[in-house]
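The residues making up each chain are set out below.
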Amino acid sequence: MLELTIEQISMAQSAVDKPAALQLLAEKLVADGLVAEGYLAGLQAREAQGSTFLGQGIAIPHGTPETRDLVFATGVRLLQFPQGVDWGDGQIVYLAIGIAAKSDEHLRLLQLLTRALGETDLGQALRTASTPEALLKLLQGAPQELALDAQMISLGVAAEDFEELVWRGARLLRQADCVSNGFAAVLQQVEALPLGDGLWWLHSEQTVKKPGLAFVTPQHPLRYLGQPLTGLFCLASLGEAHQALLERLCGLLIEGRGQELGRATNPRAVLEALGGDVPADWPSARIGLPNAHGLHARPAKVLAQLAKRFEGEIHLRLVDSAEPAVSAKSLSKLLSLGARRGQVLEFIAEPAIANDALAALLAAVEEGLGEEVEPLPAVAEVAVVVEETVVVTPKVQAPVAGQQLQGIAAAPGIAMGPAHVQVPQAFDYPLRGESHPVEHQRLQDALVQVREDIEGLIRRSQAKAIREIFVTHQEMLDDPALTEEVASRLKQGESAPAAWISVIEAAARQQEALQDALLAERAADLRDIGRRVLAQLCGVQSADEPSQPYILVMDEVGPSDVARLDPARVAGILTARGGATAHSAIVARALGIPAIVGAGEAVLLLKSGCPLMLDGQRGHLVVEPSEEVRQRAIEERETRARRQEAADARRLETAVTRDGHAVEVFANIGESAGVKAAVEQGAEGVGLLRTELIFMAHSQAPDEAIQEAEYRRVLDGLAGRPLVVRTLDVGGDKPLPYWPIAKEENPFLGVRGIRLTLQRPDVMESQLRALLRAADNRPLRIMFPMVGSVEEWRQARDMTERLRLEIPVADLQLGIMIEVPSAALLAPVLAKEVDFFSVGTNDLTQYTLAIDRGHPTLSAQADGLHPAVLQLIDITVRAAHAHGKWVGICGELAADPLAVPLLVGLGVDELSVSARSIAEVKAGVRELTLEHAKSLAQTALGLGSAADVRALVEKQ
Ligand code: PEP
Ligand code: MG
């Protein structure tokens, strides 16, 4: 990412003219290894197309798209010219910022610069700056403005107490991207300040990204600390940005007008009183930006010049951004939007000029603002289209006959049938509504209809998992936070569909931003109900299904799309995007529909009717399979079905190899309720209780008593079978909403697992106490996640042993998860001290192969059967057995039929898998002899790739 630093700055340069300045810059970029020789021609060509003078004594020379190939690394170099260089048209440049960018990263730089560009005498200051530090400070510009607009105000919210109001205020700030997750928890710790007239004030600087103020009022008057509570200000404080607002608020209070705020029924009144950005109730129009490189300096300049021709205000905002609208006449403000191709611009113009101005601006954008543009794909061109556009990049080719594709295995089973490619529906609707009562009624009618539809789906759903998803959908529909935001937009004159979908989309984006795969996938649920209501509002019918059993091909499939499908007609599901933990995958598994997700954009180019063969267990797709491939698949499907039946019949027996070697098969569960199904499916114990899921199910950290009750429920359900519990494994990629964690550039390599809990001994101790109390001398094994050093293990062990003196437990073992390569390599040392190891192959694979386990395109290659991962498991088992300790595997690999012989052959003692897989894993063990498995494992250790290992086992 492009950022400005002092190392990039060369002070006191001189150049007689612009060509000489460009030459100097090019030499600097070449000397610093950012570009190849020849980039100068790119800089010159770009200036010939139009000056890169930005204003305020700054120019931003950069190459043309043709010279991008000469860029080795993205970066910038800044040359100060105190004597100035004439950049043409009498514009004098004191600072030239040379950009080497492979793509449109320079838009980010422009965004950074725009704050400085607002300063009136910046050019002179840049000229006279005497140190790189001073120059950088000038570029970083004026302090950020306080964000305060209609979206930051929520009036009459259904809150029961002060805490709920704080949550709501923090949520508004988070939606506006002013704060990171966890700001609500921060505010809960801060002492609230009573302002009088029932108004309260809270502020903090922690986790603040940019300054913002939210104001919330309760539906019914509340009391807090014995005083009335009619309104709460939550300030995300940064620098002095809020000073003016504070002064204004004090003035209001002194004038005795504080009650006006608590009683306000519309955000406009609050904004007018506080001096925030009052929403203009003006005509608006939207259009997708077609410029290949976004709204960069040249087209922005054309746009600003055109806007300036109209005598009246014109604002512009990005529809999918929480940022407020900016003046369309200001070049720097336009650049600060950082608009990219395909993003939808909304122009808002003063009524007197709206007709002419909006038409002219839309026409100019459509024509490319002085650049040659490729029109956007048809769907995106429609002025108002829900963001469902799938932009298939031109490089992606349609799969050809016989081609094999690999996706993420989401629901097992082999399916064959013609492709039925469903393209996203476009919804066309007006932005402004007829009148508030009409739009309100339309929305209510649509919501009633969708609620009825969902109730029907719940009644018809056989599987509990599906019913639960629809119950969640109903709750989402009734979520007061969503409905209030929609109501406030309707009051401002938006149409029902426009208001509804903007709120849903903003909430879905926010969910995705949580950086937790599981939570982010819930965004699909939000969009799913969003689409249903929108379809109802726009009178759009779903596309008809073909009559013969088919394979449904979609970009991403919503859970309700899947649940509405008839398994007798839908043979399989194939999606371009998505992960195996998405609800739609869960629904597919529950319905028994084989599914592959995340197979890549190319599948969207398949023709409807094209025959496909899909193996949802392996994630393989074959396009137009030959007769031979089809026959093999049919045979395999029959064999698998027979095997599953036989395995189910013996699920409650132990798993012993043909030569008498027993392997324990345990279950992975995430909630206490899961234990019943696990035992019924034949689990000999729980091998991994993911306690973070228990924490995530609560809106604040569950106290010791709540935790103890949960753990007790699991131990009761196990009736004497062992329970292996993992202590809280959060942080980094899966934050807890109520636990503020600083944002990390690379969360998988950051503060997560044991690293985090050791920093919060209070949380860890309370969890350990709850576990020890719940044990009641039943077999309890506690393991610590993400251990990477001996020191971490010792600290965790010592803490547990200390608590054990307080709460004795007879049958307790302490172990660690092997998820980090360093732990596996240290196993010979650790094995002397631990009671057991449990290998978390999901993480161990990602860290060994350096592939993010949730990566949209690479995760399919993160195969735990890679010989490097097997080597680490081998080291672990050898070390453990040398000291009489046991080893389990609790990652997904344990349930992979091809992995079972190898893991048994490596000497693993226990396999812990999801309840559904227990019978199959046990059956897999029974087919083996230990001797053969050992020799197979030894051969695998000598191979070079996961594919070779898979081929080896498949050959057996
Ligand atoms: C693992 O990493 O293999 C594991 C079991 O832990 P989780 O998937 O919960 O990170
Ligand atoms: Mg893990």
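Residues numbered from 1 in each chain as written. Chains lettered and ligands numbered in written order. Predicted model: local features only at pLDDT ≥ 70, side-chain atom pairs only at ≥ 80, totals over all residues. Heavy atoms only, no water.

By the naming in an unreviewed UniProt entry, the protein chain goes by phosphoenolpyruvate--protein phosphotransferase and is assigned to Pseudomonas eucalypticola. Looking at the Sequence similarities (unreviewed entry) heading of the UniProt record, one finds this comment for the protein chain: "Belongs to the PEP-utilizing enzyme family." A UniProt comment under Subcellular location (unreviewed entry) is attached to the protein chain, and it reads "Cytoplasm". (UniProt positions renumbered as here; feature names shortened; annotations may be inferred.)

With that settled, the discussion passes to the pairing of strand E31 (residues 836-839). Neither face of E31 is left uncovered, since the one carrying Phe836 and Ser838 and the one carrying Phe837 and Val839 both have all their residues buried. Relative to E31, strand E30 (residues 812-818) runs parallel, the two being bridged by 4 bridges. Bridge assignment links Ile816 to a residue of E31, and that residue is Phe837. Sheet topology places E31 next to strand E32 (residues 886-889); 4 bridges connect them, and they run parallel. Bridge pairing in E32 links Ser838 to Gly888. (Buried < 20%, exposed > 50% of the residue type's maximum accessible area, 1.4 Å probe, protein only. Helix = DSSP H or I, 4+ residues; strand = E, 2+ residues; numbered from the N terminus. Pairing = 2+ DSSP bridges.)

This next bit is on the site of ligand 1. If you check the shell around ligand 1, you find 13 residues, and the closest are Arg690, Arg726, Gly840, Asn842 and Arg853. Contacts to ligand 1 include Arg726, whose side-chain N or O atom sits 2.7 Å from an oxygen atom. Compared with its free state, where it exposes 290 Å², ligand 1 has 97% of that area covered by protein. Secondary-structure elements contributing two or more residues to the shell around ligand 1 are strand E27 (686-690) and helix H32 (841-849). For the shell around ligand 1, the element with the highest residue contribution is H32, accounting for 3 residues. Residue composition of the shell around ligand 1, grouped by class: 3 nonpolar, 4 polar and 6 charged. (Near = heavy atom within 4 Å. Polar contact = N/O pair within 3.5 Å; in protein donor to acceptor, adjacent residues only side chain to side chain. Areas by Shrake-Rupley, 256 points an atom, 1.4 Å probe, with all protein chains shown as cover. Nonpolar A, V, L, I, M, F, W, Y, C, P; charged D, E, K, R; others polar.)

A few words on the nonpolar core. Counting 96 residues, the largest nonpolar core has Phe784, Phe837, Ile873 and Leu911 as the members making the most contacts within it. Setting aside anything within four residues of it in sequence, one finds Leu911 in contact with Val663, Glu664, Val665, Phe666, Ile889, Ala894, Val900, Leu903, Val921 and Val925. Listed in part, the 52 residues of the second largest apolar core include Ala304, Ala307, Ile314 and Ala339. (Core = buried A, V, L, I, M, F, W, Y, C linked by side-chain atoms within 4.5 Å. Contact = heavy atoms within 4.5 Å.)

Let us look at the layout of surface pockets. As a volume, the second largest pocket reaches approximately 370 Å³. No other element matches helix H2 (residues 39-49), which puts 3 residues into the lining of the second largest pocket. When grouped by side-chain class, the residues that make up the lining of the second largest pocket number 6 nonpolar, 9 polar and 7 charged. Each of domain 1 (6-140) and domain 3 (299-380) accounts for three or more of the residues forming the lining of the second largest pocket. (1 Å grid on protein atoms, 1.4 Å probe; cavity = no way out; pocket = protein on both sides within 12 Å on 5 of 7 lines; lining within 4 Å. Points joined across faces, edges and corners; volume = space filled by probe spheres on them. Domains from an automatic or database assignment.)

Further remarks concern the packing of aromatic side chains. With the rule as written, the count across this model stands at 7 aromatic pairs. With centroids separated by 6.2 Å and ring planes inclined at 65°, the aromatic side chains of Phe162 and Trp200 adopt a geometry described as edge-to-face. With Phe162 in helix H6 (residues 162-175) and Trp200 in strand E8 (residues 199-204), the pair connects residues that are 38 residues apart, well separated along the chain. Residues Phe162 and Trp200 agree in their burial class; the two are buried. What links up through ring pairs into an aromatic cluster is the set Phe162, Trp200 and Tyr224. (Phe/Tyr/Trp six-rings, centres within 6.5 Å; stacked < 30°, edge-to-face > 60°.)

The next thing to look at is empty space enclosed by the protein. Scanning the model with the defined rule gives 2 cavities of 30 Å³ or more in all. A volume near 50 Å³ is recorded for the largest cavity. Mapped onto the lining of the largest cavity, the elements with two or more residues apiece are H6 and helix H7 (183-189). In terms of residue count, H6 provides more of the lining of the largest cavity than any other element does, 4 residues in total. Tallied by class, the residues present in the lining of the largest cavity amount to 6 nonpolar, 2 polar and 2 charged. Roughly 30 Å³ of volume is contained in the second largest cavity.

Counted residue by residue, strand E20 (residues 550-554) has 5 buried out of 5 residues, so it is predominantly covered. Every second residue of E20 is oriented toward a common face, with Tyr550, Leu552 and Met554 on one face and Ile551 and Val553 on the other, all of them buried. Relative to E20, strand E19 (residues 414-421) is paired through 3 bridges, and the arrangement is parallel. Each residue of the ladder has a partner; that of His420, found in E20, is Leu552.

As a further point, take the sheet that holds strand E15 (residues 326-327). The sheet built from 4 strands is open, its strands ordered E13-E16-E14-E15 with antiparallel pairing. Looking at strand neighbours, the two that pair on one side only are strand E13 (284-288) and E15, the edges of this open sheet. One ladder, built from 5 bridges, connects strand E14 (residues 314-318) with strand E16 (residues 344-349); its direction is antiparallel. Paired with Leu318 across the bridge in E16 is Leu345. Relative to E16, helix H13 (residues 351-367) is tilted by about 155°, and along the sheet it contacts E13, E14 and E16. (Axes fitted to C-alpha atoms, helices over the stretch in contact; angles between N-to-C directions.)

Considering the arrangement of structural elements, one finds Phe427 in the loop between E19 and helix H15 (436-460). Owing to a relative accessible area of 1%, Phe427 belongs among the buried residues under this scheme. Counting along the chain gives 107 residues from Phe427 to Leu534, while the straight-line C-alpha distance between them is 7.7 Å.

Spatially, E6-E9-E12-E8-E7 is the arrangement adopted by the 5 strands of the open sheet, whose pairing is mixed. Where the open sheet ends on each side, the last strands, each with one partner, are strand E6 (153-157) and strand E7 (193-196). Along the sheet, successive strands turn relative to each other by an average axial angle of 20°, direction set aside. Bridge count for E7 against E8 is 3 bridges, and the pairing is antiparallel. Within E8, the position partnered with Pro194 by the bridge is Trp200. Each of E6, strand E9 (212-218) and strand E12 (231-236) touches helix H10 (residues 267-274); the most contacted strand, E6, lies at about 130° to it.

Together, Glu160, Asp161, Glu163 and Glu164 give the surface a local cluster of negative charge. Here Glu163 lies in helix H6. (Patch = residues over 30% accessible without salt bridge, like charges linked within 9 Å, V, L, I, M, F, W, Y side chains within 5 Å. Salt bridge = Lys/Arg side-chain N within 4 Å of Asp/Glu carboxyl O. Lys, Arg positive; Asp, Glu negative; His and termini not counted. Charge placed at Lys NZ, Arg CZ, Asp CG, Glu CD.)

Coordination of the magnesium ion (ligand 2) by the protein involves Glu819 (OE) and Asp843 (OD), with metal-donor separations of 2.0 Å. Residue Glu819 is found in the loop between E30 and helix H30 (821-825), and its partner Asp843 is found in helix H32; the two are separated by 24 residues along the sequence. Note on accessibility: Glu819 and Asp843 belong to one class, buried. (Donors = N, O, S within 2.8 Å, 3.2 Å for Na, K, Ca; no water.)

Of all the positions in helix H5 (residues 132-140), only Leu135, Leu136 and Leu139 are classed as buried. Burial along H5 is one-sided: seen end-on, the buried residues are contained in an arc of 100°. (Arc of directions from axis to C-beta.)

Here the focus is the pattern of salt bridges. A pair can form between side chains of opposite charge whenever their charged atoms are brought close. A full pass over the atoms with the stated rule returns 45 salt bridges. Between Arg286 and Glu346 there is a salt bridge, with its nearest N and O atoms 3.4 Å apart. Taken together, the residues span a long stretch of sequence, with Arg286 in strand E13 and Glu346 in strand E16 at a distance of 60 residues. For Arg286, a relative accessible area of 10% puts it in the buried group. Of the charged contacts, one joins Glu439 and Arg442 as a salt bridge, the two residues approaching to 3.3 Å between their closest N and O atoms. With Glu439 and Arg442 both in helix H15 and 3 residues apart, this pair spans about one turn of that helix. The partly exposed category is assigned to Arg442, whose relative accessible area is 29%. Ionic contacts of the salt-bridge type, sharing partners, join the residues Glu704, Glu765, Arg769, Arg773, Arg802 and Glu806 into one network.

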